[in-house]
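Secondary and tertiary structure notes
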Amino acid sequence: MKKITSILAVAIMTIGMATSIIQNTASEFDFMNDISKALACDDCAIPPDDRKPPKGIA
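Definitions and limits used
Residues numbered from 1 in each chain as written. Predicted model: local features only at pLDDT ≥ 70, side-chain atom pairs only at ≥ 80, totals over all residues. Heavy atoms only, no water. Helix = DSSP H or I, 4+ residues; strand = E, 2+ residues; numbered from the N terminus. Buried < 20%, exposed > 50% of the residue type's maximum accessible area, 1.4 Å probe, protein only. Areas by Shrake-Rupley, 256 points an atom, 1.4 Å probe, with all protein chains shown as cover. Patch = residues over 30% accessible without salt bridge, like charges linked within 9 Å, V, L, I, M, F, W, Y side chains within 5 Å. Salt bridge = Lys/Arg side-chain N within 4 Å of Asp/Glu carboxyl O.

Tallying secondary structure elements over the protein chain gives one helix and zero strands in all. Going through the 58 residues of the protein chain one by one, you find that 0% of them count as buried. Only carbon and sulfur atoms are counted for the fraction: they give 68% of the accessible area of the protein chain, which is about 5900 Å².

The next point concerns a nonpolar patch on the surface. Taken together, the side chains of Met1, Ile4, Leu8 and Ile12 make up a nonpolar region of the molecular surface, amounting to roughly 490 Å² of accessible area. Here Ile12 shows up in helix α1 (residues 2–40). Judged by relative accessible area, which is 61%, Ile12 ranks as exposed.

Laid out in structure tokens, this is it:
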């Protein structure tokens with residue numbers, strides 16, 4: 001009976017660890033998507049028409 005209990009405990013612990021790893025990985029991918037959206041500047045606060053023209057090279 002002790003062996004069965006030990007096996008079940010290890011199986012439940014393994015499932016719990018796998019679940020937490022999957023959740024962490026999913027949140028990291030969400031974070032990477034947020035960074036890529038910020039770098040793409042799809043929702044920049046300054047519209048391109050309001051920017052100053054670049055200075056010429058001297």
